[in-house]
Amino acid sequence: MLEKLKASGELIANFFKRPVTVKESFGFVAEAFRWLPRRNDDLCTGCGACVERCSSGATSITDRGDTRVVSIDGLRCIFCGRCAEVCPEKALELTLEDAPPAQGSDPTARVSLSRGAEEPRPTVDTVLKLQRCSVCGEVMPVTEKYLDAIKERTLRNLKPETAAIVEKDMERYLKTCINCRRVHSLEWDTHPRKFI
Amino acid sequence: MLKINRQSLKLDFRELAPEAIPGEATALLDKGGRMIYASAVDMGVQGIQINYYFCFDHQEPYRHTILRAYLDRENPVVQSITPITSQADWSERELIEFLGVRVEGHPNPTHLWLPLNWEDMYLGGRPEADHETERINASPPVKLPKENIVTLPMSAIPYGPYHPAFIESNYLKMSVEDEVVKKADLKLGFNHRSVIKLMERRDYYKDIFLSERICGLCNSHHVLTFVKAVEDLAGVEAPPKAQLARTLLCEMERIQSHLMAIGLIGDLTGFRTMLMHSLRVREDMQDGLEAISGQRVTHGLITIGGIRRDITASQADFVLSKLKAMKKSVPELFDQCLSNDVLVGRLKDVGVLTRENAIKLGAIGPTARASGHRIDVRKNSPYAAYEEVDWDIVSEKSGDSLARLKVKMGEVLMSMHICEQCCDRIKALSGPILAKVKEMPCAEAVAKTEPPRGELLYHVASNGTNTPDFVRIRVPTFLNAHIMLRLIQGGWVGDVPAIIGSIDPCFSCTDRVTIIKKDEQSVVDVRTLGGRRCSTPPG
Ligand code: SF4
Ligand code: SF4
């Protein structure tokens, strides 16, 4: 009798207790936890280092017209952080959130494991402008920002007086496509050795 | 201050004529060597290179002898050494199937990896035109392939409980007479991912993540072994703090893997509560792993030359607190399990592997240690910081399934002891965590570690570029599953799950049974017994 009373007492008590289950997902987020990388659009130069090193082939570069899109496919990414390690501009950072789903889709949709084409795939896109050749106007397979970054980095390592001399030549050399460079190299005297 | 010696293995490549291999292998085995693996690489003009790896566990810790022979590509023939040592059995079947080497005198050259209708698909019934289009005839075999237990007319009976966590599909077939298993055969290769081939195409840093994904439970060990081989090639040594962190990570992994295995032994023998409880206890370790590495399964912490992210004092403290909680819960769980008479009765004297057999068949890991054969790569050729911490090999004498369970339990407690020491030292230590790789000369390196299931071997050859020339991997289950088959044969059907669970292979779920009528020695199609026809085609 006593046991039964005890048991029913416990039963009643349990009615008013909170559930014993705890929130699992994101209830505890480890300090080192990593999710999709986020790219800082202002810093990214579209150099392609992250594409080269991505361990799962999630990162890709697509050139269309005179724009370059550097993107990360959220369903392929294994959150290894290798891209963030190698990015020379430190533009990438692994975050705790999903990237926003592709435009036009339900913003509350979570990452879906299905690979159907109609599924919104979380992507991390950066759109950059490709350089046009200063002579012939052809689109070159490098971005404007990347060339600027190279120029700036090279000049920084030179003595100020040398930098002042080569700056203009360098600008012309970098922003010319390979064909025009060949045609004009004698006339311009802009062999890369000159800058070193 | 922590001092860690250079720990690369001493390799002794010995090039021989193919005919001389059996004689030399016998000599090495007589000297107390243990055959680890045999692998082959197609080297193009030079021919097919065959390597036989031997080690000398207790005599000379770091010494490894590799017998090497080059075979003619047009007519690759080599004498089998399986009659000399059965440890070569599966390795040689692998040579036959993957490289087309003709191994003469192999006692059982049946399909282990390739589809059973392989001959039909490619060699025999394939019209000439298909050579150009590379089309495969994927239809089921018209005639049954060669005499092979797997191809005998059988029916599908789901055998025993299994755990869906096992993703690798192996396919075990047993001929059963009454309740006794007469013959068992295993078919592998359903999930062949050609990781070693993919590795040849990617650079070393991408390979790290690839090798991490070979196994879910021992992924750090796979990375560590690969990275150790690459570090040997590049001549760099990880700094002490990284070595400690690697040791910590590997031991934490051993704890969680063994707890899973212990639970699965319970599950496979019909004691699912034990699985639930061990998973509950294991969760603490998973939290610890998540705290230091960020992920529960693929940690991505180890890299060439050290570790990628520092382990901070607060993370070490977190792991210590989890270990403290586990110090109470784990022995409690183990006591409960071992005081359960049903479980103990189910495992005791089941699948006994004697010490002689363990040595003869080349058992490794907990399977060998449960038979009193005290081998452990961590002691025999220590790596990472194992020489610096206080620990000992856990072993049992009796060699039955219960002994294997007890060894795993002992190792969990031992690993917790190691983890605590590592955490304490990591907290006190500061310094670099990454050594820089400068160049990658043309060379070859072999590295070994001790994952939860036994010894793991990586053979990496570099050709001076940023991708490896070839990679060869010998996983622990490769030897232990071979032993598992031996233990199953001659035992009761009911004991099969207990044996499988205690060996703890990376094993999955397609089990099939044949019934042999006692007097007639003929195979009975179970479909004719049950009334309901089974839809699965034979094979
Ligand atoms: S700047 Fe960084 S993020 Fe942008 S393309 Fe280069 S490596 Fe990738
Ligand atoms: S985190 Fe890893 S997988 Fe994801 S985009 Fe970066 S390099 Fe690729």
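Everything below is about the structure shown above.
For clarity, every value in this text was computed on a predicted model and none was experimentally measured.

### Description of the overall build of chain A
Part 1 of the reasoning: Helix and strand counts for chain A come out as 6 helices and 6 strands.
Part 2 of the reasoning: Overall, chain A shows an N-to-C arrangement of helices and strands of α-β-α-β-β-α-β-β-β-α-α-α.

### Description of the overall build of chain B
Part 1 of the reasoning: When helices and strands are tallied, chain B shows 18 helices and 15 strands.
Part 2 of the reasoning: Long-range contacts, defined here as pairs at least 24 residues apart, represent 70% of the contacts in chain B between residues at least 6 apart.
Part 3 of the reasoning: Summed over all atoms, the accessible surface of chain B reaches about 21,400 Å², with 54% contributed by carbon and sulfur.

### With respect to the site of ligand 2
Part 1 of the reasoning: Every one of the 13 residues lining ligand 2 counts as a neighbour, but Cys-54, Thr-59, Cys-77, Cys-80 and Cys-83 of chain A are closest to it.
Part 2 of the reasoning: Per-class residue counts for the shell around ligand 2 are 8 nonpolar, 4 polar and 1 charged.

### Things to note about the interface of chain A and chain B
Part 1 of the reasoning: Contacts between chain A and chain B engage 16 residues on the former and 19 residues on the latter.
Part 2 of the reasoning: Note on chain A versus chain B: buried area summed over both sides is about 1,400 Å², and carbon and sulfur give 48% of it.
Part 3 of the reasoning: There are 1 salt bridge connecting chain A and chain B.
Part 4 of the reasoning: As a salt-bridge pair, Arg-308 of chain B and Glu-85 of chain A come within 2.7 Å of each other at their nearest N and O atoms.
Part 5 of the reasoning: Counting across the chain A and chain B interface gives 3 residue pairs in polar contact (both at pLDDT 80 or more).
Part 6 of the reasoning: Looking at the side of chain A that touches chain B, the elements with two or more residues in it are helix H2 (49-53) and helix H3 (82-86) of chain A.
Part 7 of the reasoning: Across the side of chain A that touches chain B, the residue classes break down as 8 nonpolar, 2 polar and 6 charged.

### Details of the nonpolar core
All names here are of chain B.
Part 1 of the reasoning: Core analysis: the biggest nonpolar cluster contains 117 residues, and Leu-172, Leu-248, Ile-255, Leu-405 and Ile-488 have the highest contact counts within it.
Part 2 of the reasoning: With 11 residues, helix H8 (residues 240-268) is the largest single contributor of residues to this core.
Part 3 of the reasoning: In this view, Ile-488 contacts Leu-172, Met-174, Val-181, Ala-184, Val-496, Ile-499 and Ile-500; residues no more than four positions away in its chain are not counted.
Part 4 of the reasoning: If you look at the next biggest cluster of nonpolar residues, it comprises 21 residues, including Ala-40, Phe-56, Ile-81 and Val-103.

### With respect to the site of ligand 1
Part 1 of the reasoning: Looking at ligand 1, the residues that line it are Arg-39, Cys-44, Thr-45, Gly-46, Cys-47, Gly-48, Ala-49, Cys-50, Cys-87, Pro-88, Glu-89 and Leu-92 of chain A.
Part 2 of the reasoning: Residues that form the shell around ligand 1 fall into these classes: 7 nonpolar, 3 polar and 2 charged.

### Topic: the pattern of salt bridges
All names here are of chain B.
Part 1 of the reasoning: Applying the stated criterion across every chain yields a total of 39 salt bridges over all chains.
Part 2 of the reasoning: The shortest N-O distance in the salt bridge between Asp-287 and Lys-322 comes to 3.6 Å. Placement of the pair is Asp-287 in helix H9 (residues 272-293) and Lys-322 in helix H10 (residues 313-338), with a sequence separation of 35 residues.
Part 3 of the reasoning: Note that Lys-427 and Asp-317 form a salt bridge whose closest N and O atoms lie 2.9 Å from each other. In this pair, Lys-427 is assigned in helix H15 (residues 401-428) and Asp-317 in helix H10, connecting sequence segments 110 residues apart.
Part 4 of the reasoning: Linked through salt bridges whose partners overlap, the residues forming this network are Glu-251, Arg-254, Arg-369, Asp-376, Arg-378, Glu-411 and Glu-450.

### With respect to the sheet that holds strand S11 (residues 443-449) of chain B
All names here are of chain B.
Part 1 of the reasoning: Here we have 3 strands laid out as an open sheet, ordered S11-S12-S13, and antiparallel in their pairing. Every other strand in the sheet has two partners, leaving S11 and strand S13 (468-474) as the edge strands with one partner each. On average, adjacent strands in this sheet sit at an angle of 10 degrees to one another, irrespective of strand direction.
Part 2 of the reasoning: The sheet contact formed by strand S12 (residues 456-462) and S13 spans 6 bridges and is antiparallel. Its bridge partner lying in S13, Ala-461 is registered against Phe-470.
Part 3 of the reasoning: Across the face of the sheet, helix H7 (residues 219-234) comes into contact with S11, S12 and S13 while running at roughly 145 degrees to S11.

Calculation rules
- Residues numbered from 1 in each chain as written.
- Chains lettered and ligands numbered in written order.
- Predicted model: local features only at pLDDT ≥ 70, side-chain atom pairs only at ≥ 80, totals over all residues.
- Heavy atoms only, no water.
- Helix = DSSP H or I, 4+ residues; strand = E, 2+ residues; numbered from the N terminus.
- Contact = heavy atoms within 4.5 Å.
- Areas by Shrake-Rupley, 256 points an atom, 1.4 Å probe, with all protein chains shown as cover.
- Near = heavy atom within 4 Å.
- Nonpolar A, V, L, I, M, F, W, Y, C, P; charged D, E, K, R; others polar.
- Buried area = accessible area lost by both parts, 1.4 Å probe.
- Salt bridge = Lys/Arg side-chain N within 4 Å of Asp/Glu carboxyl O.
- Polar contact = N/O pair within 3.5 Å; in protein donor to acceptor, adjacent residues only side chain to side chain.
- Core = buried A, V, L, I, M, F, W, Y, C linked by side-chain atoms within 4.5 Å.
- Buried < 20%, exposed > 50% of the residue type's maximum accessible area, 1.4 Å probe, protein only.
- Pairing = 2+ DSSP bridges.
- Axes fitted to C-alpha atoms, helices over the stretch in contact; angles between N-to-C directions.

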